[in-house]
Amino acid sequence: MSKKIEAVFIAAPFWSYVNKETGEFDGPAFTSLSRILEHFDNQGCVVYNAHRREKWGQAFMEPSEFTPLDYEQICASDVIVALPGSPASPGTHIEIGWASANKVPMVLILEAGKEYAGLLMGLDKLAPVRTLMVDGDLDLELLDRAIEELLLAASDRQSST
Ligand code: 5HM
């Protein structure tokens, strides 16, 4: 039987997607991120996400506020879905480090044909990580399946200790 997710954290590039002159958030990034957020909203779980919390850049929090908050929310999540960005989002890479160090199950979403840090590609060797290579729209069924596998593996690990 599949385990229900109670809380998910969605990490993705933020600062670089906000136009500093107009304050507008990047249109295509808004569409693809909103699709992921709504997917988890529809599952009835708690969805932690800075972009929505900070009104897509209209209400940026201070680093002294969002840094401990993001860390706590990642550690309180059953799973983190992370889009590291290429060019790399510095904040998302820090969050990926926090999640992997705390063994929070994680799905990495990478875009085909883009360059990523070698450390991302090897992360599944030290933490519960599944990587989805995406060409076009993210397949939400594949995302759910990756999460299900991660949670199943995590509960197997727990029951064997
Ligand atoms: O460096 P960048 O802004 O791309 O980092 C994005 C990640 O940092 C997001 O996943 C978000 O959780 C966090 N973040 C935040 O919580 C980032 C910013 C802006 O730098 C912010 N709040 N205001």
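In what follows, the structure referred to is the one given above.
These lines cover the structure that appears in this document, whether it is placed above or below. Keep in mind that this is a model prediction, so the values were computed, not measured.

Turning next to the layout of surface pockets. By volume, the largest pocket is sized at about 1200 Å³. In terms of lining, the largest pocket is formed by 50 residues, of which the most central are Ala12, Pro13, Phe14, Tyr17 and His51. When contributions to the lining of the largest pocket are tallied by element, the ones reaching two or more residues are β1 (7-11), α1 (27-41), α2 (50-53), α3 (63-75), α4 (90-101) and β4 (106-111). Among the elements that take part in the lining of the largest pocket, α1 stands out by supplying 7 residues, more than any other.

Right, let's get into α3. Relative to the 18 Å expected for 13 residues at 1.5 Å per residue, α3 spans 18 Å between its end C-alpha atoms, a close match to the ideal helical length. Among the residues making up α3, those that are buried are Asp70, Gln73 and Ile74. Projected onto a plane normal to the axis of α3, the buried residues spread over an arc of 95° and lie on a single side. Away from its buried face by more than 90 degrees, α3 exposes Ser64 and Glu72. If you follow the buried residues of α3, they end up packed against β1, β2 (46-48), α2, β3 (79-82) and α4.

Ranked by size, the top nonpolar core spans 30 residues in total, and within it Val8, Ile10, Phe40, Leu143 and Ile147 carry the most contacts. If you list the elements that add at least two residues to this core, you get β1, α1, β3, β4, β5 (129-134) and α6 (140-159). Those residues within four positions of Phe40 in sequence are excluded, and the remaining contacts are Ile5, Val8, Ile10, Cys45, Val47, Val81, Leu143 and Ile147. Ala11, Ala82, Ile96 and Met106 belong to the second-largest nonpolar core, a separate cluster that totals 16 residues.

Let us now look at the side chain of His39. Inspection of the secondary structure puts His39 in helix α1. For His39, the side chain forms a polar contact with the side chain of Gln43, separated by 3.1 Å. Not counting residues within four places of it along the chain, the set of residues in contact with His39 comprises Leu140, Leu143 and Asp144.

This model, assessed by the stated rule, comprises 6 salt bridges. The closest approach of N and O atoms between Arg52 and Asp41, which form a salt bridge, is 2.8 Å. With a gap of 11 residues between them, Arg52 in helix α2 and Asp41 in helix α1 connect regions that are remote in the sequence. With relative accessibility at 33%, the residue Arg52 sits in the partly exposed group. Residue classification places Asp41 among the partly exposed positions, given a relative accessible area of 31%. As a salt-bridge pair, Arg53 and Glu54 come within 2.8 Å of each other at their nearest N and O atoms. Through salt bridges with shared partners, a single ionic network connects Arg53, Glu54 and Asp70.

Around the ligand, 17 residues are found, and the nearest of them are Glu54, Asp70, Ser89, Gly91 and Glu95. Contacts to the ligand include Glu95, whose side-chain N or O atom sits 2.6 Å from an oxygen atom. Coverage of the ligand by the protein amounts to 91% of the 470 Å² it exposes when considered alone. One can see that the ligand is located within the largest pocket.

Analysis parameters
- Counting starts from 1 at the beginning of each chain's written sequence and moves along it residue by residue.
- Per-residue local features are limited, in this predicted model, to residues with pLDDT of at least 70; the limit for side-chain atom pairs, both in listing and counting, is 80 or more; totals at the level of whole chains, interfaces and linings are taken over all residues.
- Side-chain figures throughout are based on the complete set of non-hydrogen atoms in the structure, without hydrogens or water.
- Lining residues are those with an atom within 4 Å of a point, where the points come from a 1 Å grid over the protein atoms alone and group into cavities, where a 1.4 Å probe fits but cannot get out, or pockets, open sets with protein on both sides within 12 Å along at least five of seven lines.
- Grid points are joined across faces, edges and corners, and a volume is the space filled by probe spheres set on the points.
- The numbering of helices and of strands both runs from the N terminus, where a helix is a DSSP run of H or I of at least 4 residues and a strand a run of E of at least 2.
- In this scheme, a helix's expected span is set at 1.5 Å multiplied by one less than its residue total.
- Burial classes: relative accessible area under 20% of the type maximum marks a residue as buried, over 50% as exposed, and values in between as partly exposed (1.4 Å probe, protein chains only).
- Think of the arc as the fan of directions from the helix axis to the C-beta atoms.
- Should any heavy atoms of two residues lie within 4.5 Å, those residues are counted as being in contact.
- Residue types Ala, Val, Leu, Ile, Met, Phe, Trp, Tyr and Cys, when buried and joined through side-chain atoms within 4.5 Å, form a set referred to as a nonpolar core.
- Counting of polar contacts relies on pairs of N or O atoms within 3.5 Å, with two restrictions inside protein: one atom must be capable of donating a hydrogen and the other of accepting it, and residues adjacent in sequence are counted only when both atoms are side-chain atoms.
- We define a salt bridge as a contact between a side-chain nitrogen of Lys or Arg and a carboxyl oxygen of Asp or Glu at a distance within 4 Å.
- Whether a residue is near a molecule or strand depends on its heavy atoms: if one lies within 4 Å, it is near.
- Computed with a 1.4 Å probe, the accessible areas rest on the Shrake-Rupley method; for each residue, only the protein chains presented here act as cover.
- Throughout, a molecule is located in a cavity or pocket provided that more than half of its atoms lie within 2 Å of its grid points.

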